[in-house]
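So you can see what is in the structure, the chains are spelled out below.
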Amino acid sequence: MGRRMGMLVGSETCFSWCVRQSANTVRLHSTVCESELSVSVLQVTHYKQYPPNTSKVYSYFECREKKTDPSKTRKVKYQQTVFYGLQYILHKYLKGKVVTSEKIQEAKDVYQEHFQDDVFNEKGWKYILEKYDGHLPIEVKAVPEGSVIPRGNVLFTVESTDPECYWLTNWVETILVQIWYPITVATNSREQKKILAKYLMETSGTLEGLEYKLHDFGYRGVSSQETAGIGASAHLVNFKGTDTVAGIGVIKKYYGTKDPVPGFSVPAAEHSTITAWGKDHEKDAFEHIIKQFPSVPVSIVSDSYDIYNACEKIWGEDLRTLVEKRSADAPLVVRPDSGNPLDTVLKVLEILGKKFPPFENCRGYKLLPPYIRVIQGDGVDINTLQEIVEGMKKHRWSIENISFGSGGALLQKLTRDLLNCSFKCSYVVTNGLGVNVFKDPVADPNKRSKKGRLSLHRKQNGDYVTLEEGKGDLEEYGADLLHTVFHNGKIVKTYTFDEVRDNARLKESEMEELIH
Amino acid sequence: MAAQDFNFLLATDSYKITHYKQYPPNVNRVYSYFECRRKKGAQFNEVVFFGLQYLLKRYIAGRVVTEEKIQEAKVFYQMHFKQVVFDEQGWRSVMEKYDGRLPIRIKAVPEGKIIPRGNVLFTVENTDPEFFWLTNYIETMLVQMWYPITVATISREFKKILARHLKSTSGSLEGLEFKLHDFGYRGVSSQESAALGGAAHLVNFCSTDTVAGLIMAQRYYNCPMAGFSIPAAEHSTIISWGRNREKEAYECMLDQFPSGPVAVVSDSYDIFKACRHIWGGKLKERVMERSEDSALVIRPDSGDPAETLLEVIKILEECFSCSQNSVGFKVLPSYLRIIQGDGIDLCSVEDILKKLHDEGWSAENVFFGCGSALLQKLNRDTLNCAFKCSYVETNGKGMDVYKQPVTDPSKGSKRGRLSLRRNSDGFIETVESGVGKPEEDMLVTVFENGTLLQEYSLDEIRKNARLWEEDVSPALHNQDHPTPLDVHQKHIMNGVH
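Residues numbered from 1 in each chain as written. Chains lettered and ligands numbered in written order. Predicted model: local features only at pLDDT ≥ 70, side-chain atom pairs only at ≥ 80, totals over all residues. Heavy atoms only, no water.

Novice: Before we go on, may I ask you to explain the UniProt feature "domain: Nicotinamide phosphoribosyltransferase N-terminal" (unreviewed entry) in chain B in this structure?
Specialist: The residues that UniProt annotates with the feature "domain: Nicotinamide phosphoribosyltransferase N-terminal" (unreviewed entry) are residues 7–106 of chain B. Along residues 7–106 of chain B one finds 35% helix and 16% strand; the C-alpha atoms at either end are 21 Å apart. (UniProt positions renumbered as here; feature names shortened; annotations may be inferred. Helix = DSSP H or I, 4+ residues; strand = E, 2+ residues; numbered from the N terminus.)

Set out below in structure tokens:
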């Protein structure tokens, strides 16, 4: 492929070539504009690729529906998604003055080196700087945050507002597509809430404490601090228990709540605070820790050496009196952390049940005395969660006995493919004429995109429908549910986190469907 | 140095706020370590150590505690726990005694080094007895090392596959560093992850569209331009011409980018028709006009990756013919190449290259783009990354500590003070219980009391992480005799630690 793509010579030379170039390359200052460079390189050259006389590019985002191959059945279907996270992106990366002449110069230099060619659209960016004082002439319309919308519907649209800046719409694609992450975390978290709600209701007759049943343990298992903040905030759309402190900062800064904090935690041990006492002093460790926190719930990881022995001998015998003295507001929460999740939970419950006899609740399920509970925080994902609560129910244990912690599966083990999140161009104006555009690859009908200008409506029967090709103008289904949230650099509509939570709450109809 | 608006005191798991009350009384040292635990039947046996310098420079070095941050944390934790539990006095002491710098020592393997699973990669301990609780306070942040380590490792595993096939079907490794292009920017969870993951890929390759990774490599690893790209189309720039003008859209690409390679996604409607009738038909002469340095790179983007690629290359062979290289494999004319950037992961890359090989095609014909499999489809369990306490001192007396859950022996942790050495057989191993010889220790003190003591450039890291001979030509090794890696692994399994 020639000089340009590294037919320089064998493996080592590409790198040595990079080093030689270093002498000639302008050093970047720390003021490099993040949004300008925070773009896939792919987009840098696109301004040259659109048809001549294009004056508008209009694109949209959806979580595509996937008609799955019947041979590949997925356990969880994810038929609806929670729309969340756009406000964060708009505030952090797109609003206000995002371009300065210094930043244009620096981007120009970077791309010159990166492409070994002069392809950067300096003129286009200078125009934005001069005409709009560096604000982005685009308009974003979106569904309200927290809305729960079926797959295959438009969730937001982006269009350029100035004919000179038609190329800007897809420049911002890379940044905006990262919304897949908060959407996916919030959606997956909510699906788990449904599972917990169902089993909690069935085994106890109430949903009390539901919001604390799935605790975020994911801070260390995500790929960066920023991801931790976004992901943890997305989980808090549905729940209130978290150890990922970063999420609370994101909510406070970008959404706001009426309560002082949107998420809570309790004192808890980790292995080091047990093992530091030495193998023969596990009981001393447990005793010390339980005494340190007399009046709030305290979770104590108990599997450092032998979870079953810890439950039976240490909690069940040696420290039994201490445990029984605790109030219902301040239970001991025993935490296993290894072994097959369902088997371990059942065995732990069995052992604790022998030492701390349970009573029967109003639904006929066993409930441990109020001073002792269990938290399973290892190997929990949406599938194992389902297995555990189903297993507990079979063995006649109420879900009131347990809460869950989830880390990697909650915040990291997710990809853009889970909900098929996609951003596609659907409409352009060329030579003054609007054209509906789309892709339709012969080898994959699932990848077909929508056409024309889009709008989202709710029919009389409550179903959502996306109208294509500008048909929303006919007002057949009432007003467009997409609201303008961003216009020419300004955020024109915001949602508080309370509104987000309210929009995402489990609906009556969903609860009915779950129970029956 | 550490970011101003970032509050270090809020960058930990909530429960760690309560741990200072839980350690045994009179503990004066907590020593912990990080490893990628070994797991039976695991797919990856060795890891690339990368990313610590970023964390140290961005979050840990310099002054991380201020009165303002203490107050913010205090107020927050009171509401978060609904009680007072935050160790205000402890943090104020850090601020007063050390001007807000962390009295911590971190020793680590040099960045870029390739280390077998199950070995210590870095250790952390407090340097002042008063701050025993600090060691595990920073666990949450340091365990995020799993990410750059895992991306760099997976990226290198791709490189091994590509190198083997390139060597066997072309006789050389020319262009290897451009064979796997990072397409992952939009599919990661945040800008910061894009930067870190993007940089980790650049340890092994030079090809990327994730600009943030370039900036990261420049700012934190002293590499002005770590990666390159070429002009390329996306679907919007093709479909905006309308379905009937696909040829015009393609022609525009050739016109706009006459010199230098250009990639054109060609599956908007029908990839096979596009190849046969447009590229191989109406625009055939335009394509043939292009020089070797300005190749057209056709990009399929849907359908089964291997099948689609094979059919595309067959069509191109019919339309443009091909030649044979020095080792007898077919190569398309030098003005024409293919990039497969959809559905690529370690399995599909191996599958595609094998199928190409079986059909007589050289790996020179194809480039790959990888998005989520490179930067997002990974987690801490991929390499079983863990941080555990292995040694404490109480009243000045040391004790080796560990966990050993009966419910999962693979979760057992190492004991005592640790060092890493190359033994007399040349294999890297971890020495436990503090009996390691300091002069043999491969771990280097990189951070102490707020100061970064050791820096690595991307250049050095790339050297450390380069492929070995046996990665490229495994066929050369006699199948009857175990490879050095096999022997090494047996070594570890027999518990040489």
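Novice: Would you mind going over helix α13 (residues 305–320) of chain B with me for this structure?
Specialist: An α-helical segment advances 3.6 residues per turn. Residues three or four places apart therefore align on the same side. Residue and element names in this part refer to chain B. With 16 residues, α13 should reach 22 Å at 1.5 Å per residue; the first-to-last C-alpha distance of 22 Å fits that figure. Of the positions making up α13, those classed as buried are P305, A306, T308, L309, L310, V312, I313, I315, L316, C319 and F320. A positive backbone phi angle near 60° is found at S321, which sits one or two residues after α13. (Expected span 1.5 Å × (residues − 1). Buried < 20%, exposed > 50% of the residue type's maximum accessible area, 1.4 Å probe, protein only.)

Novice: What exactly am I supposed to notice about the interface of chain B and chain A here?
Specialist: Where interface size is given, it is often the accessible area lost as the parts come together that is meant. The interface is formed by 128 residues belonging to chain B together with 125 residues belonging to chain A. Overall, the association of chain B and chain A removes approximately 10,900 Å² of surface from exposure, summing both partners, and the carbon and sulfur fraction of that is 58%. Put simply, chain B and chain A have eight salt bridges between them. Note that A:K447 is salt-bridged to B:D342, the shortest N-O span being 3.1 Å. Summed over the shared surface of chain B and chain A, the result is 65 residue pairs in polar contact (both at pLDDT 80 or more). Considering every element that reaches the side of chain B that touches chain A, the biggest residue donor is helix α8 (residues 211–221) of chain B, with six residues. Tallied by class, residues from the side of chain B that touches chain A come to 58 nonpolar, 39 polar and 31 charged. (Contact = heavy atoms within 4.5 Å. Buried area = accessible area lost by both parts, 1.4 Å probe. Salt bridge = Lys/Arg side-chain N within 4 Å of Asp/Glu carboxyl O. Polar contact = N/O pair within 3.5 Å; in protein donor to acceptor, adjacent residues only side chain to side chain. Nonpolar A, V, L, I, M, F, W, Y, C, P; charged D, E, K, R; others polar.)

Novice: Explain the sheet that holds strand β17 (residues 483–487) of chain A to me, please; I cannot follow it from the model alone.
Specialist: The strands making up a sheet are joined through hydrogen bonds of the backbone, oriented either antiparallel or parallel. All names here are of chain A. Strand order in the open sheet formed by seven strands is β14-β13-β1-β5-β3-β17-β18, and the pairing between neighbours is antiparallel. The outermost strands of the open sheet, each flanked by one partner alone, are β14 (433–436) and β18 (490–491). The sheet contact formed by strand β13 (residues 421–430) and β14 spans four bridges and is antiparallel. Counterpart to V428 in the pairing with β14 is V435. Together, β1 (54–63), β5 (154–160) and β13 form the strand contacts of helix α9 (residues 180–204), whose direction differs from that of β1 by roughly 20°. (Pairing = 2+ DSSP bridges. Axes fitted to C-alpha atoms, helices over the stretch in contact; angles between N-to-C directions.)

Novice: Sorry if this is basic, but what is going on with the environment of A:G339 here?
Specialist: With respect to the element layout, A:G339 can be found in the loop between β8 (332–335) and α16 (341–355). Beyond its immediate stretch of four places on either side in the chain, A:G339 contacts A:T344, A:D378, B:T407 and B:D408.

Novice: Got a minute to help me understand the packing of aromatic side chains in this structure?
Specialist: Any pair of aromatic rings gets described here by the distance separating the centres and the angle formed by the planes. Applying the stated rule across the entire model yields 39 aromatic pairs over all chains. Considering the side-chain rings of A:Y88 and A:Y254, the 4.8 Å spacing of their centres and the 75° angle between planes classify their relative orientation as edge-to-face. In this pair, A:Y88 sits in helix α4 (residues 86–94) while A:Y254 sits in helix α11 (residues 246–254), placing the two residues 166 residues apart along the sequence. Judged by its relative accessible area of 7%, A:Y88 falls in the buried class. Using a relative accessible area of 12% as the deciding quantity, one classes A:Y254 as buried. Considering the side-chain rings of B:W91 and B:Y137, the 4.9 Å spacing of their centres and the 70° angle between planes classify their relative orientation as edge-to-face. A residue pair is termed long-range when its members are at least 10 positions apart, and B:W91 in helix α3 (residues 88–98) and B:Y137 in helix α4 (residues 134–137) qualify at 46 residues. Within the aromatic cluster, the residues linked to one another by ring pairs are B:F8, B:W91, B:Y98, B:F131, B:W133 and B:Y137. Over the face of the ring belonging to A:F264 we find B:K82, whose NZ or CZ atom lies 4.4 Å from the ring centre. (Phe/Tyr/Trp six-rings, centres within 6.5 Å; stacked < 30°, edge-to-face > 60°. Lys NZ or Arg CZ within 6 Å of the ring centre and 35° of its normal.)

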